[in-house]
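# Structural overview for review
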Amino acid sequence: MNIVLNPTYFPDIITTAALVQATEVRLEVCDNYQKQSYRNRMYISTSNGTLLLNIPIKHTKIEGHKKTTDALIENNFLWQRQHWRSIVIAYRTSPFFEFYEDDLYPIFHTPYENLLELNKATIACILEMLDIEIDFTTTAEYKKEYNDQTDLRFLANAKRKNRLVIPEYRQVFSEENGFTPHLTVLDLIFNLGPEALPYLQSLDLKF
């Protein structure tokens, strides 16, 4: 599968499954930035249910649509500290959090100004945790449609409907909250560890 998709903040399970199953991956970097998308948000599971972790984006006076490459992070808010603390509280009792903690730690303790660069770093971090290598190319121009690649850019839409049903896997708070689907892939990795990669490779991605 030859795919094109948007770099997102610690991708969800479906997006990551598409990444690991693809033969070629092209990252969309020439589109307009869209609010309320997975570009600057992810969802984790906590004892109180699903929690949104959102990266604040600077408001600029650029006329017209802002390009994704121009989206800058508002670091006056201590969002990295908040996100890291939330992840630690949510997953410190998961079976594999301590195993992957050192891989994840630098993302939340390294300053990032550009959202696109941060998202690329989170994807690289995920692939390292999964112990898999993928070579990426990036778009040189924006295209509304692709005829030679599977266009999965819609996966960045946090409000998309008709989501794929994914098989249940063990989760930290499943006894309290039941199974919670469509979270960041971090949830899968912290709960399944080395089993996360075969889980992703086996998902039936019929969009």
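You'll find the structure just up there.
Residues numbered from 1 in each chain as written. Predicted model: local features only at pLDDT ≥ 70, side-chain atom pairs only at ≥ 80, totals over all residues. Heavy atoms only, no water.

## Describing helix α3 (residues 97-104)
Note the cut-off: Throughout, exposure labels follow a simple rule: accessible area from a 1.4 Å probe, protein chains only, divided by the maximum for the residue type, with under 20% read as buried, over 50% as exposed, and the rest as partly exposed. Here a helix means four or more residues in a row that DSSP labels H or I, a strand means two or more in a row labelled E, and each is numbered from the N terminus. Each C-beta atom gives one direction from the helix axis, and the arc is the one those directions make.
Those residues of α3 not exposed but buried are Phe-97, Tyr-100 and Leu-104. Seen end-on, α3 carries its buried residues on one side only, within an arc spanning 80°. Counted as exposed and oriented over 90 degrees from the buried face of α3: Glu-98, Phe-99 and Asp-102.

## Observations regarding a negative patch on the surface
To keep it simple, the criterion reads: Patch membership is restricted to residues that have no salt bridge and whose relative accessible area is over 30%. Joining uses 9 Å for like charges and 5 Å for the nonpolar side chains Val, Leu, Ile, Met, Phe, Trp and Tyr. Reported accessibility uses the Shrake-Rupley method at a 1.4 Å probe radius. Residues are deemed covered only where the shown protein chains occlude them. A side-chain nitrogen of Lys or Arg and a carboxyl oxygen of Asp or Glu constitute a salt bridge if their distance falls within 4 Å. For the purpose of charge, His is not counted, nor are the chain termini; Lys and Arg are scored as positive and Asp and Glu as negative. Positions of charges follow a simple convention, taking NZ of Lys, CZ of Arg, CG of Asp or CD of Glu.
On the surface, Glu-128, Asp-131, Glu-133 and Asp-135 cluster together into a patch of negative charge. Tracing the backbone through its elements, the reader meets Asp-135 in the loop between α4 (115-130) and β5 (136-138).

## Observations regarding the layout of surface pockets
Our working definition: Cavity and pocket criteria rest on a 1 Å grid covering protein atoms alone: a 1.4 Å probe that fits but cannot get out defines a cavity, protein on both sides within 12 Å along at least 5 of 7 lines defines an open pocket, and an atom within 4 Å of a point defines a lining residue. Grid points are joined across faces, edges and corners, and a volume is the space filled by probe spheres set on the points. Just so you know the grouping, Ala, Val, Leu, Ile, Met, Phe, Trp, Tyr, Cys and Pro go in nonpolar, Asp, Glu, Lys and Arg go in charged, and all remaining residues, Gly too, go in polar.
Of the voids in this model, the second largest pocket is the one considered here, and its volume is about 200 Å³. Residue classes in the lining of the second largest pocket are distributed as four nonpolar, five polar and four charged.

## A closer look at the pattern of salt bridges
One pass over the structure, following the stated rule, counts seven salt bridges. Its salt-bridge partner being Arg-153, residue Asp-151 comes within 2.7 Å of it at the nearest N-O pair. Judged by relative accessible area, which is 26%, Asp-151 ranks as partly exposed. A salt bridge links Arg-170 to Glu-195; its shortest N-O distance comes to 3.1 Å.

## Re the nonpolar core
Inside soluble globular proteins, nonpolar side chains tend to come together where they are buried. Stated formally: Joining through side-chain atoms within 4.5 Å is the link that ties buried Ala, Val, Leu, Ile, Met, Phe, Trp, Tyr and Cys residues into a set, and such a set is a nonpolar core. By definition in these notes, contact holds between two residues if any of their heavy atoms fall within 4.5 Å.
Ranked by internal contacts, the top residues of the largest apolar core, which has 60 residues, are Phe-10 and Ile-87. What Ile-87 contacts, discounting residues up to four positions off in sequence, is Met-42, Ile-44, Leu-53, Arg-92, Phe-97, Leu-104, Phe-108, Leu-186 and Phe-190.

## What about the sheet that holds β5?
Put simply, the rule is: Note: two strands are recorded as paired if DSSP finds a minimum of 2 bridges between them. Helix axes are fitted to C-alpha atoms over the stretch in contact, other axes to C-alpha atoms as well, and angles between N-to-C directions run from 0 to 180 degrees.
Ordered by their spatial adjacency, four strands build an open sheet running β5-β2-β1-β6, and the pairing between neighbours is parallel. Each edge of the open sheet carries a strand with a single partner, namely β5 and β6 (150-151). Bridge analysis of strand β1 (residues 2-5) against β6 gives two bridges, and the strand direction is parallel. Note that in β6 the partner of Ile-3 across the bridge is Thr-150. Helix-sheet contacts for helix α1 (residues 13-21) involve β1, β2 (24-27) and β5, and the interaxial angle to β1 is about 140°.

## Describing the environment of Arg-92
Mapped onto the elements, Arg-92 comes out in the loop between α2 (79-91) and α3. The exposed category is assigned to Arg-92, whose relative accessible area is 52%. Taking the C-alpha atoms as reference, Arg-92 lies 9.5 Å from Val-172; in sequence the two are 80 residues apart. Excluding residues within four positions of it along the chain, Arg-92 makes contact with Ile-87 and Phe-97.

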